[in-house]
Amino acid sequence: MAGGGESSILRYFKKGAEVEVNSDDDGFRGSWFLATVIRAPKDESSKVLVEYKTLTEDEAGKRPLREPLSLVVLRPPPPKENRTSFEFSDEVDAYYNDGWWEGVITRKFEGKDKYTVFFRGSREELSFTASQLRLHREWVTGGNWVPPLLPYPHANKTPLSAEAEDSTVATEHNFNPGNHAEASNDEDGFENGSIQYHKKTPSSAEAKGSMVATKHNFNSGDHAEASSDEDGFEGAWFPVIVLEKRAAGKYLIEYKKLMNDDGTDFLREEINELHLRPSPPDVGVIDRFKVNDQVDAFYNDCWWVGRVTKILVKERYSVYFENPPEELKFEHSDLRVHQEWRNGKWHCF
């Protein structure tokens with residue numbers, strides 16, 4: 001999202017505006033929580049004071065949590081879209097524990113309103129109904145959403161339940177009202193009580209089933225990127241070469257930068273295909289990145305998703321990372337346009 005005054009960015013974050021906040025807490029990458037702007041920013045470098053709609057500071061759940069936050073962790077709510085069904089491999093957000101969590105549908109139950117969603121951050125799967133899901137979208141340069149909102153045949157149907165109408169979650173804003181019903185879910189034991197600031201991630205006890213293979217097939221010699229389960233590397237992608245396909249949806253890969261323990265050769269390991277994606281295509285040379293552009297930065301032998309916060313001299317940039325929350329400086333050559341691999345296609349940001 002390019003800087004350029006109130007007409008480009010600040011107009012989305014005026015006092016009273018509805019926003020979504022991306023959490024910086026450990027283990028919460030890919031989650032978004034509803035909030036209202038209490039104090040608008042003076043410029044793109046100043047903080048925004050927000051008040052959460054579902055997070056509270058006190059045990060009684062009566063005092064909403066307020067936080068001063070940077071623009072890089074805020075966005076407007078995605079466009080409203082009431083869908084009654086989803087498909088296998090759809091990238092979605094699932095409403096869970098009073099926030100939206102990014103995941104991918106790995107199973108659709110035929111004849112039932114039930115879907116299994118895999119969460120990359122926790123490497124777990126949980127079951128949801130269609131009313132608890134929305135199509136995942138990213139807010140990109142120019143204030144556009146990717147993928148864009150398309151006409152849907154059931155857009156006038158809203159899956160509101162009696163529990164949602166009685167919910168303590170505020171519904172007077174212009175966010176999708178049907179999606180607030182997901183905060184009260186008796187089927188999976190997610191009863192909606194007073195939520196505290198120390199939020200909970202999807203627990204392993206609630207995880208259901210095994211990881212389901214994606215539709216993409218890799219061949220020996222393919223250049224690809226692999227994600228890691230190791231603490232501190234959530235969201236990072238390592239350049240690899242696919243060596244061979246093995247049973248049960250796994251591949252033998254060789255890292256391009258990481259060495260084995262004795263330092264004699266590049267590290268090889270077997271990896272599940274859910275942790276593997278093709279190398280992003282070349283989108284051409286970018287002469288200059290802009291403030292708030294979403295980029296990938298090469299650091300510690302892998303690519304990390306971040307946002308440009310400052311343009312420095314000599315083609316250098318400050319980039320902010322959400323997990324862990326920190327800001328680092330990079331050369332122009334260490335950055336690339338951020339792209340997402342979704343439903344078998346690359347989407348440029």
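All values reported here derive from a predicted model rather than from experimental measurement.

What to know about the overall build of the chain
Moving on, step 1. On a plain count of helices and strands, the chain comes out with 1 helix and 24 strands.
Moving on, step 2. Split by element, the accessible area of the chain, about 17,300 Å² in all, is 48% carbon and sulfur.

Some details on the nonpolar core
Moving on, step 1. With 37 residues, the main nonpolar core has Phe 13, Val 50, Tyr 52, Leu 74, Phe 128 and Leu 133 as its most contacted residues.
Moving on, step 2. Of all elements in the fold, only strand 1 (18-22), strand 2 (31-39), strand 3 (48-56), strand 4 (64-69), strand 6 (91-96), strand 7 (99-108), strand 8 (115-119) and strand 9 (124-128) reach the threshold of two or more residues within this core.
Moving on, step 3. The biggest single contributor to this core is strand 3, with 4 residues.
Moving on, step 4. Discounting residues that sit within four places of it in the chain, Phe 13 has contacts with Val 19, Val 37, Ala 40, Pro 41, Leu 71, Leu 74, Arg 75, Pro 76 and Trp 139.
Moving on, step 5. In this structure, Phe 218, Ala 236, Val 242 and Phe 321 belong to the second largest nonpolar core, which totals 24 residues.

Observations concerning the pairing of strand 6
Moving on, step 1. Burial runs high along strand 6: 6 of the 6 residues are buried.
Moving on, step 2. The alternating pattern of strand 6 places Glu 91, Asp 93 and Tyr 95 and Val 92, Ala 94 and Tyr 96 on opposite faces, both of which are buried.
Moving on, step 3. Sheet topology places strand 6 next to strand 7; 6 bridges connect them, and they run antiparallel. Among the inter-strand pairings, Glu 91 is bridged to a residue of strand 7, identified as Val 104.
Moving on, step 4. From the end of strand 6 to the start of strand 7, which pair antiparallel, there are 2 residues, and Asn 97 there has a positive phi angle of about 50°.

Some points on the environment of Ile 241
Moving on, step 1. Inspection of the secondary structure puts Ile 241 in strand 14 (residues 237-246).
Moving on, step 2. Judged by relative accessible area, Ile 241 falls into the partly exposed class, the value being 25%.
Moving on, step 3. Considered as a pair, Ile 241 and Glu 225 are 16 residues apart in the sequence and their alpha carbons are 8.0 Å apart.
Moving on, step 4. If near-sequence neighbours (up to four positions away) are discounted, Ile 241 is found in contact with Gly 221, Asp 222, His 223, Leu 252, Ile 253, Glu 254 and Lys 256.

What to know about the side chain of Glu 254
Moving on, step 1. Along the polypeptide, Glu 254 turns up in strand 15 (residues 250-259).
Moving on, step 2. Given a relative accessible area of 14%, Glu 254 falls into the buried group.
Moving on, step 3. Looking at Glu 254, its side chain comes within polar contact range of the side chain of Arg 268, at 2.9 Å.
Moving on, step 4. In contact with Glu 254, not counting residues within four places along its chain, are Val 240, Ile 241, Leu 243, Phe 266, Leu 267 and Arg 268.

Focus on the pattern of salt bridges
Moving on, step 1. Counted under the stated rule, the structure contains 15 salt bridges.
Moving on, step 2. Close ionic contact of Arg 63 with Glu 57 constitutes a salt bridge, the shortest N to O distance being 3.5 Å.
Moving on, step 3. Judged by relative accessible area, Arg 63 falls into the partly exposed class, the value being 47%.
Moving on, step 4. Arg 246 serves as the salt-bridge partner of Glu 270, at 3.3 Å between the closest nitrogen and oxygen. Of this pair, Glu 270 sits in strand 16 (residues 266-272) while Arg 246 sits in strand 14, and the two are 24 residues apart along the sequence.

Points about the pairing of strand 1
Moving on, step 1. Here strand 1 lies mainly inside the structure; 4 of its 5 residues are buried.
Moving on, step 2. Across 5 bridges, strand 1 lies against strand 2 in antiparallel orientation. Residue pairing for strand 2: Val 19 is matched across the bridge by Ala 35.
Moving on, step 3. Summarising the sheet, strand 1 and strand 5 (residues 74-75) pair through 2 bridges and their orientation is antiparallel. Bridged to Val 21 within strand 5 is Leu 74.

Here is what the cut-offs are and how they apply
- Note that residues are indexed from 1 along each chain, following the sequence as it is written.
- Two thresholds apply to this predicted model, a pLDDT of at least 70 for residue-level local features and 80 or more for giving and counting side-chain atom pairs, whereas whole-chain, interface and lining totals are computed over all residues.
- Neither water nor hydrogens contribute to the side-chain values; these are computed over all heavy atoms in the structure.
- Each helix is a run of H or I in the DSSP string that is no shorter than four residues. Each strand is a run of E no shorter than two, and both are numbered from the N terminus.
- Each accessible area is a Shrake-Rupley estimate made with a 1.4 Å probe; only the visible protein chains count as cover when residues are assessed.
- Take the buried Ala, Val, Leu, Ile, Met, Phe, Trp, Tyr and Cys residues and link them wherever side-chain atoms come within 4.5 Å; each set so joined is a nonpolar core.
- Only protein chains enter the accessibility calculation, which uses a 1.4 Å probe. A residue is then buried if its area is under 20% of the maximum for its type, exposed if over 50%, and partly exposed in between.
- Every residue pair with non-hydrogen atoms within 4.5 Å of one another is taken to be in contact.
- Between any two strands, pairing holds if DSSP finds at least two bridges.
- In protein, a polar contact means a hydrogen-donor-capable atom and an acceptor-capable atom, both N or O and within 3.5 Å, with residues adjacent in sequence counting only if both atoms are side-chain atoms; elsewhere, any N or O pair within 3.5 Å suffices.
- A side-chain nitrogen of Lys or Arg and a carboxyl oxygen of Asp or Glu constitute a salt bridge if their distance falls within 4 Å.

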